[in-house]
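Per-entry structural report
Listed here are the chains, written in short residue letters.
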Amino acid sequence: MCKMSIRWNDVNYGQAQAKNDYERLIVKDQNVVPIGFEDDPQAAEWEALRKQLIDARDEVFEEHGFDTAEKLDYDFDVAYGFKLHEILNENVGFNNREASNNDFWNWLSVRVIPDVVHSRWGDNPDHYFKISRRTWLKVIWWYIHICWDGSEEATYELIKNNTTDTIQGLIERPGIGYYVDVYHEIMKKYKDYQDRNLFRRVMKLNTARLMTTSPELVEGGIEAYVEDLFKKASGENK
C-alpha cells in the first residue's frame, strides 16, 4: 500500500462548507458524482487517497457479494471499516487526534468518497456531516479502532455477532469522547452476553460513572471496572 504525506491539520472544513458542497453533489444513475479537488492544494494526495478507498470498496463488494444486496448493513460497515482503518492508519501522521477532527471526516465524506457513503446511507446528510457523532466514516473507523484486538481476524471474532445497534450504542453516544481502553474491554466482555438491552444499560452506566471515576484507578483496574459495570447492569450486584 502506497503511503501518502497528507497534512491532516490543514483540513479546515466545517459544517457550513460541507453543507454547501453536499448540496452541489449530483446523483446520476443512483450514484453520486464527486465534486473533485481542483481548488485544494493537496489535490494529488486526495486523489491518491480516493483511489485507494474506492479500490477497497470494490474489493469488499466483490469479496462479500454486496452488489446483489438489496440494502447494505452491518456486514458492510465491518468489512469497509477494516479497509478504511487500514488505509488511514498506513498514512504517516494519522492518529487518534486526527481521527477526532470532525472537519476531516466532513471532508472525507463530502469531497473524497461521497459515493461510498451514498451506497450505505443514500441522501441522508446526518451520515455525511450534519450530526458529527453519526458521520458514517468516522463511526466505522472508531468502531474498528476501539474493537481492534491485535489482528483483523481476532477483531472480527470479537464483533461478528454484533449489529448496527451495537455500533450506535458504542460510538454514537453524545456528551463524551472515546475512552478506548474502557470501550475495548466492554466489547470483549459483551461478546459473552450479546444482549442489546444489557449493552445499553452498561453504556449508560459507564457514561454516568466516567463523570466521577477514573477506571484505571479502580482496584483491579479497567478489567475490574468493566466487570462491575456488567454486574450492576445485569442486576447481579445490587
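A brief structural summary.

Reading guide: rules and limits
Residues numbered from 1 in each chain as written. Predicted model: local features only at pLDDT ≥ 70, side-chain atom pairs only at ≥ 80, totals over all residues. Heavy atoms only, no water. Helix = DSSP H or I, 4+ residues; strand = E, 2+ residues; numbered from the N terminus. Buried < 20%, exposed > 50% of the residue type's maximum accessible area, 1.4 Å probe, protein only. Contact = heavy atoms within 4.5 Å. Phe/Tyr/Trp six-rings, centres within 6.5 Å; stacked < 30°, edge-to-face > 60°. Salt bridge = Lys/Arg side-chain N within 4 Å of Asp/Glu carboxyl O.

Our next topic: the overall build of the chain. A tally of helices and strands in the chain yields 12 helices and two strands. Mapped from its N terminus to its C terminus, the chain presents α and β elements in the order α-β-β-α-α-α-α-α-α-α-α-α-α-α. Principal-axis analysis of the C-alpha atoms places the extent of the chain at approximately 60 × 40 × 30 Å. Looking at the 238 residues of the chain, the share that counts as buried comes to 46%. Within the chain, residue pairs in contact and separated by at least 24 positions form 71% of the contacts whose partners lie at least 6 positions apart.

Bringing the packing of aromatic side chains into the picture now. Evaluation of the coordinates by the stated rule reveals 25 aromatic pairs. Between tryptophan 46 and tryptophan 107, the ring centres sit 5.7 Å apart and the planes meet at 55°, which makes this aromatic pair tilted. On the criterion of sequence distance, the pair formed by tryptophan 46 in helix H2 (residues 43-64) and tryptophan 107 in helix H5 (residues 102-112) is long-range, its members being 61 residues apart. By relative accessible area, tryptophan 107 is classed as buried at 6%. An angle of 20° between the planes, with centres 5.7 Å apart, marks the rings of phenylalanine 76 and tyrosine 80 as stacked. Placement of both phenylalanine 76 and tyrosine 80 in helix H3 (residues 74-89) is noted, with a separation of four residues, approximately one turn of the helix. Members of the aromatic cluster, joined through ring pairs, are Trp8, Tyr13, Phe37, Trp46, Phe94, Phe104, Trp105, Trp107, Trp141, Trp142 and Tyr178.

With that settled, consider the pattern of salt bridges. Under the criterion given, the structure shown has 18 salt bridges. A salt bridge links glutamate 172 to arginine 134, with the nearest nitrogen and oxygen atoms 3.7 Å apart. Taken together, the residues glutamate 172 in the loop between helix H9 (164-171) and helix H10 (180-190) and arginine 134 in the loop between helix H6 (114-121) and helix H7 (136-147) connect sequence positions 38 residues apart. For aspartate 165, the salt bridge identified is with arginine 200, shortest N-O distance 3.9 Å. Here aspartate 165 is found in helix H9, whereas its partner arginine 200 is found in helix H11 (residues 196-209), with 35 residues between them in sequence. The network of salt bridges with common partners includes Asp21, Arg24, Asp39 and Arg111.

Such coordinate-based values are descriptive only and should not be taken to indicate function.
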